[in-house]
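A structural walkthrough
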Amino acid sequence: MSRARRHAVLLRLLRTERVSSQETLRERLAERGFEVTQATLSRDLRELQVVKVPLPDGGSAYQVASGRGDPKPTLERLLPALFTEVEGTENLVVIKTLTGGAQPVAVALDRQGWPEVLGTISGDDTILLILRDRKKRAAIEERIRLLAGIET
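Computed from a predicted structure; not experimentally measured.

Thoughts on the pattern of salt bridges
- With the rule as written, the count across this model stands at 10 salt bridges.
- Arg6 is the partner of Asp44 in a salt bridge, and the nearest nitrogen-oxygen pair spans 2.6 Å. Linking Asp44 in helix H3 (residues 38-47) with Arg6 in helix H1 (residues 3-16), this pair joins segments that are 38 residues apart in sequence. There is no split in this pair, since Asp44 and Arg6 are both buried.
- Several salt bridges converge on common partners, so that one network encompasses Glu17, Arg28, Glu31 and Arg32.

Following this line, the structure appears as structure tokens:
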């Protein structure tokens, strides 16, 4: 079966079930006729921008952070689930996220089109925001905290 079909089934699974492990995802896909290796599943999750997020009950589950069914993920949706801290110096702001959360957050930041931001560089759990003007840094840090639901 095609990769596109497997991706569609995977997205449907993640939107309808709470799945907390790749092994469970592999089993659910196998039940639907898709035998995949762990490496293939990891690649699929990365391509679909799926991240593992903490849940209020203390557990965690995979969630579609952005992508096919949601062309414009919002910071209002991503930051409360993925954000851990923000700090800056001069015209640079470093945003820390849960592991795997930096890329979807960086994509959402880029899509915001904030005029103060020159660009973003993202790793696995860290985003570097490069600002046009260092005088805007405190305001950007505060905006990020507010979008993450952190009152200062």
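Further notes follow.
Considerations on the packing of helix H2 (residues 22-31) against H3
- Between H2 and H3, whose axes approach to 10 Å, the crossing angle comes to 100°. Relative to H3, the element H2 lies roughly perpendicular. Facing H2, whose interface residues are Gln22, Leu25, Arg26 and Leu29, H3 presents Gln38, Leu41, Ser42 and Leu45.
- A class-by-class count of the residues in the contact of H2 with H3 yields four nonpolar, three polar and one charged.

Points about the nonpolar core
- Counting 24 residues, the largest nonpolar core has Ile95, Leu129 and Ile144 as its most contacted members.
- Secondary structure elements with two or more residues in this core: strand S1 (50-54), helix H4 (75-82), strand S3 (83-89), strand S4 (92-97), helix H5 (102-112), strand S6 (126-131) and helix H6 (137-147).
- Top contributing element to this core by residue count: H5, with five residues.
- Apart from the residues within four sequence positions on either side, Leu129 is in contact with Asn91, Leu92, Val93, Ile95, Leu109, Val117, Gly119, Thr120, Ile140 and Ile144.
- Ranked by size, the runner-up nonpolar core spans 16 residues in total, among them Leu10, Leu11, Leu14 and Leu41.

Here's the deal with the sheet that holds strand S5 (residues 117-122)
- With antiparallel pairing, four strands are arranged side by side in an open sheet as S3-S4-S6-S5. The outermost strands of the open sheet, each flanked by one partner alone, are S3 and S5. Direction aside, neighbouring strands of the sheet carry axes that sit 20° apart on average.
- Summarising the sheet, S4 and S6 pair through five bridges and their orientation is antiparallel. Note on S6: the bridge partner recorded for Val93 is Leu129.
- Running at roughly 100° to S3, H4 makes contact with S3 and S4 of the sheet.

Reading the values: rules and limits
- Residues numbered from 1 in each chain as written.
- Predicted model: local features only at pLDDT ≥ 70, side-chain atom pairs only at ≥ 80, totals over all residues.
- Heavy atoms only, no water.
- Salt bridge = Lys/Arg side-chain N within 4 Å of Asp/Glu carboxyl O.
- Helix = DSSP H or I, 4+ residues; strand = E, 2+ residues; numbered from the N terminus.
- Buried < 20%, exposed > 50% of the residue type's maximum accessible area, 1.4 Å probe, protein only.
- Axes fitted to C-alpha atoms, helices over the stretch in contact; angles between N-to-C directions.
- Parallel < 35°, antiparallel > 145°, perpendicular 65-115°, else oblique.
- Contact = heavy atoms within 4.5 Å.
- Nonpolar A, V, L, I, M, F, W, Y, C, P; charged D, E, K, R; others polar.
- Core = buried A, V, L, I, M, F, W, Y, C linked by side-chain atoms within 4.5 Å.
- Pairing = 2+ DSSP bridges.

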